[in-house]
Amino acid sequence: MSGSAAEITENSRALVTWHWRRYLRRHIGLIAAAFVLMALEGSMQGAMALMMQPMFDEVFLAGDRNLLIWVGLGVFAIFTLRALSGMGQKILLMRISQRANADMRLDLLDRMMRQDGSFHQLHPPGLLIQRVQSDVATINLAVLGILNGVGRDLLSVIMLMAVAVSVDWIWTLVALVGAPLLVAPSQIVQRFVRARAREARDLGARLSTRLDEVFHGIIPVKLNRLEHYQNDRYRALSDELVRAEVRATAGAASIPGLVDIMAGLGFIGVLWFGGGEIISGEKTVGEFMSFFTAIGFAFEPLRRLGALAGQWQVCASGIERVKALLDAEPKLVSPPKPVAPPKGVPGVALSDVTLAYGDTVVLNRTTLVAEPGQTTALVGPSGAGKSTIFNLLTRLIDPQSGRVEIGGVAASRMRLEDLRDLFSVVSQDAALFDETLRENILLGRTDVSETKLRDALKAAHVTDFLPKLEHGLDTPVGPRGSALSGGQRQRVAIARALLRDTPILLLDEATSALDAESEAVVQEALDRLSKGRTTLVIAHRLSTVRNADKIVVMDRGKVVDEGRHEELLARGGLYARLYSLQFKTEGPTADSVALAAQETRRRGNGAGDADSAPRDGTNLLSRIFGRWFGQ
Ligand SMILES: Nc1ncnc2c1ncn2[C@@H]1O[C@H](COP(=O)(O)OP(=O)(O)OP(=O)(O)O)[C@@H](O)[C@H]1O
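- An unreviewed UniProt entry lists the protein under the name ABC transporter ATP-binding protein/permease, from Marimonas arenosa.
- Per UniProt, the comment on the protein under Subcellular location (unreviewed entry) is "Cell membrane".

Put into structure tokens, the structure is as follows:
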């Protein structure tokens, strides 16, 4: 807890104003209509209290039977109006707040998708999901409470107090004598509630992150017997959340509690004071009933108004978080004066590029060229910086120094959208969504003709497994494509790339998670895909890149050699060492199987449906793993 009460109030006022301007003001017409209805609903309580006086004095005590029917009709009209206005205002308010919610969620998603990798490293998915779902819902609830408080409860209290004053202003003063005593405690409670609400939101985000990690890593959790460990960690966080939520609620509930106590004291005062006046005949029973009803009715809206301070703080704490995310500017953006992207099939070039994460130098004055329309392979030990080069080309990161050029145009001088439109990336993770196969291939595009789609499906070998799917292209593929095999998912990724039809293709270990048979089919589809495009391939399995036009060998962030397969082998450097290491192992290695498959393909027998091929135990296990991890 920090800052004075005044600071906190001012800060929360600024936050709520920001929210009003950005998300609520555009609904001003609907808000005005809701306020009219709320005012009507709120004033009905005052009208009801007013009815008490004729009901008691004229009907019950004076015995005027004719008036009975009119009083009865009056009460019925009050209840009906209250019901209708209450219903109407609730519907309007819900519409306004849900619309504001939806806009805020969309803004958040949009902003988060534009953020750089470094932002996502600092903000895990669970935390972001919590912000988009839970924080926004909390703000919505609090906004509803505040609008209701201002539009209905405040007016209700004013009307009821007017009735009470019209009966006797001294009684009213007596009833409200404790009110000033509420100011100081409510300030303290506000600060407390804001701090606890903030704590609860943080803990909620950490819990979501934990769940996200457990469910994405469910197989390692099971195999490493981590259930107890994860349970304990989750329980500890949950317990903290329970504590924070209970404390926040206790704080928020203490204000209406104080209002109750103050009202109780007021009642005693009025009974003591007013009782004597009625007994002495100075006031009528009807007047007392009117006063009593007015004060009695004022209880509920007063309690709700008392809770407003807490709600205001909870709302401000939610807005604070959401605003911080919306205000975070991505660092990797399009230049202010972008140049046009290169035409045709461009080559790519890195000149003297240096990139470090903190003190860790990942690329050290790296220079390499991939000629237009040719296939260039990047090979080298793990951590050499191969994937980093792909990230540089697509501007997922920027180098500290050096130039990254596509067809002679610096990547940083193009609009990000134009730059990324030049590339199709096929990696181990085909990134499938929980939609149908068709939706996963078209990805929202409506400009793809049936013929073009059919050709892409055929070229990517998707057609081979379509008959096996119950609803063909309209079969749902499950979360992260879990209903498809690894090979099938890769073929979907290839079909997407074919439809994108970009001049440059980046293949990052696209076939490494596949068994040899699947790999043969996918490789054949990739070969077709790469025709007429500049292709860069990252592969650990050197057998898959031996036919590349150029192989660039990397080690610890530097290009250490380059040339064709035979040249590199003949030079006896790192490439030759890596190659012999992969083929040294006795028995059928992944490379020898892949090479055999290549040979078969070359002889024209390949490209069958790999999914009909029998699989050994290793493949089955890797398939199961692949499904769990969504790869
Ligand atoms: N976001 C990051 N933050 C810090 N270090 C990173 C980050 N991304 C990559 N690195 C480091 O950069 C180095 C190069 O990573 P990169 O993924 O480019 O290697 P690679 O050659 O593709 O490796 P592999 O073949 O294992 O995929 C590694 O040492 C890695 O730890």
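1. Regarding the overall build of the protein
Point 1. When helices and strands are counted, the protein shows 20 helices and 10 strands.
Point 2. When the 631 residues of the protein are sorted by exposure, 48% land in the buried category.

2. Re unusual backbone geometry
Point 1. For aspartate 352, which is not glycine, the phi dihedral falls at a positive 55°.
Point 2. Inspection of the secondary structure assignment puts aspartate 352 in strand E1 (residues 348-357).
Point 3. According to the relative accessible area criterion, aspartate 352 is partly exposed, its value standing at 33%.
Point 4. Its identity as a non-glycine residue notwithstanding, arginine 365 has a phi of 50°, on the positive side.
Point 5. Secondary-structure assignment places arginine 365 in strand E2 (residues 360-370).
Point 6. Residue classification places arginine 365 among the exposed residues on the basis of a relative accessible area of 53%.

3. Structural notes on the packing of helix H3 (residues 65-114) against helix H5 (residues 125-167)
Point 1. In the contact formed by H3 and H5, the axes pass within 9 Å of each other and the chain directions differ by 150°. Viewed along their axes, H3 and H5 adopt a mutual orientation that is roughly antiparallel. Like other packed secondary-structure pairs, H3 and H5 cross with a definite hand, here right-handed. On H5, the residues that touch Gln89, Leu93, Met94, Ser97, Gln98, Asn101, Met104, Arg105, Leu108 and Met112 of H3 are Leu128, Arg131, Val132, Gln133, Val136, Ala137, Ile139, Asn140, Leu144, Leu147, Asn148 and Arg152.

4. Thoughts on the site of the ligand
Point 1. The full set of residues close to the ligand is Gln121, Tyr357, Val362, Pro381, Ser382, Gly383, Ala384, Gly385, Lys386, Ser387, Thr388 and His540.
Point 2. One of the backbone nitrogen or oxygen atoms of alanine 384 is found 3.0 Å away from an oxygen atom of the ligand.
Point 3. Note that an oxygen atom of the ligand is positioned 2.4 Å from one of the side-chain N or O atoms of threonine 388.
Point 4. Coverage of the ligand by the protein chains reaches 62% of its 630 Å² of free accessible surface.

5. Some details on helix H2 (residues 28-61)
Point 1. In this model, H2 (34 residues) spans 49 Å end to end at C-alpha, consistent with the 50 Å of a helix rising 1.5 Å per residue.
Point 2. Along H2, the sharpest kink reaches roughly 35°, centred on methionine 55.

6. Things to note about the nonpolar core
Point 1. Of all hydrophobic cores here, the largest spans 51 residues; its most connected members are Leu108 and Phe291.
Point 2. The set of elements that each furnish at least two residues to this core consists of helix H1 (5-24), H2, H3, H5, helix H6 (169-175), helix H9 (227-279) and helix H10 (285-327).
Point 3. Sort the elements by how many residues they give to this core and H5 lands first, with 16 residues.
Point 4. Contacts of leucine 108, omitting those with residues within four sequence positions, involve Arg131, Val132, Val136, Val322, Leu325 and Leu326.
Point 5. Listed in part, the 47 residues of the second largest apolar core include Ala460, Phe465, Leu507 and Leu574.

7. Overview of the UniProt feature "transmembrane region" (unreviewed entry) in the protein
Point 1. UniProt annotation of "transmembrane region" (unreviewed entry) refers to residues 28-47, 67-85, 141-163 and 169-189 when read in the numbering used here.
Point 2. As annotated, residues 28-47 has a helix share of 100% and a strand share of 0%, and its two end C-alpha atoms lie 28 Å apart.
Point 3. The straight-line gap between the two end C-alpha atoms of residues 141-163 is 31 Å; of that span, 100% is helix and 0% is strand.

8. Quick word on the pattern of salt bridges
Point 1. Inspection of the entire model under this criterion finds 28 salt bridges.
Point 2. As a salt-bridge pair, arginine 131 and aspartate 135 come within 3.3 Å of each other at their nearest N and O atoms. Separated by 4 residues within a single helix, arginine 131 and aspartate 135 lie in helix H5, roughly one turn from each other. Summarising the burial analysis for this pair, arginine 131 and aspartate 135 share the class buried.
Point 3. Between arginine 235 and aspartate 232 there is a salt bridge, and its shortest N-O distance comes to 3.2 Å. With arginine 235 and aspartate 232 both in helix H9 and 3 residues apart, this pair spans about one turn of that helix.
Point 4. Classification of aspartate 232 as partly exposed rests on a relative accessible area of 45%.
Point 5. The network of salt bridges with shared partners includes Arg26, Arg99 and Asp103.

9. What about the side chain of arginine 196?
Point 1. When you line up the elements, arginine 196 lands in helix H7 (residues 183-216).
Point 2. Once residues within four sequence positions are removed from consideration, arginine 196 is found in contact with Ala244, Arg247 and Ala248.

10. Considerations on the pairing of E1
Put simply, side chains in a regular strand alternate between the two faces of the sheet.
Point 1. For E1, the tally of buried residues reaches 7 of 10 residues, placing the bulk of the element in the interior.
Point 2. Relative to E2, E1 is paired through 7 bridges, and the arrangement is antiparallel. Along E2, the bridge assignment pairs alanine 356 with valine 361.
Point 3. In this structure, the hairpin formed by E1 and E2 is closed by a connection of 2 residues, where glycine 358 is found at a positive phi of approximately 60°.
Point 4. Across 5 bridges, E1 lies against strand E4 (residues 401-406) in antiparallel orientation. Residue pairing for E4: leucine 350 is matched across the bridge by valine 404.

Here is what the cut-offs are and how they apply
Residues numbered from 1 in each chain as written. Predicted model: local features only at pLDDT ≥ 70, side-chain atom pairs only at ≥ 80, totals over all residues. Heavy atoms only, no water. UniProt positions renumbered as here; feature names shortened; annotations may be inferred. Helix = DSSP H or I, 4+ residues; strand = E, 2+ residues; numbered from the N terminus. Buried < 20%, exposed > 50% of the residue type's maximum accessible area, 1.4 Å probe, protein only. Axes fitted to C-alpha atoms, helices over the stretch in contact; angles between N-to-C directions. Parallel < 35°, antiparallel > 145°, perpendicular 65-115°, else oblique. Left-handed = near helix turned anticlockwise from the far one by under 90°. Contact = heavy atoms within 4.5 Å. Near = heavy atom within 4 Å. Polar contact = N/O pair within 3.5 Å; in protein donor to acceptor, adjacent residues only side chain to side chain. Areas by Shrake-Rupley, 256 points an atom, 1.4 Å probe, with all protein chains shown as cover. Expected span 1.5 Å × (residues − 1). Bend = angle between axes of the 7 residues up to and from the residue. Core = buried A, V, L, I, M, F, W, Y, C linked by side-chain atoms within 4.5 Å. Salt bridge = Lys/Arg side-chain N within 4 Å of Asp/Glu carboxyl O. Pairing = 2+ DSSP bridges.

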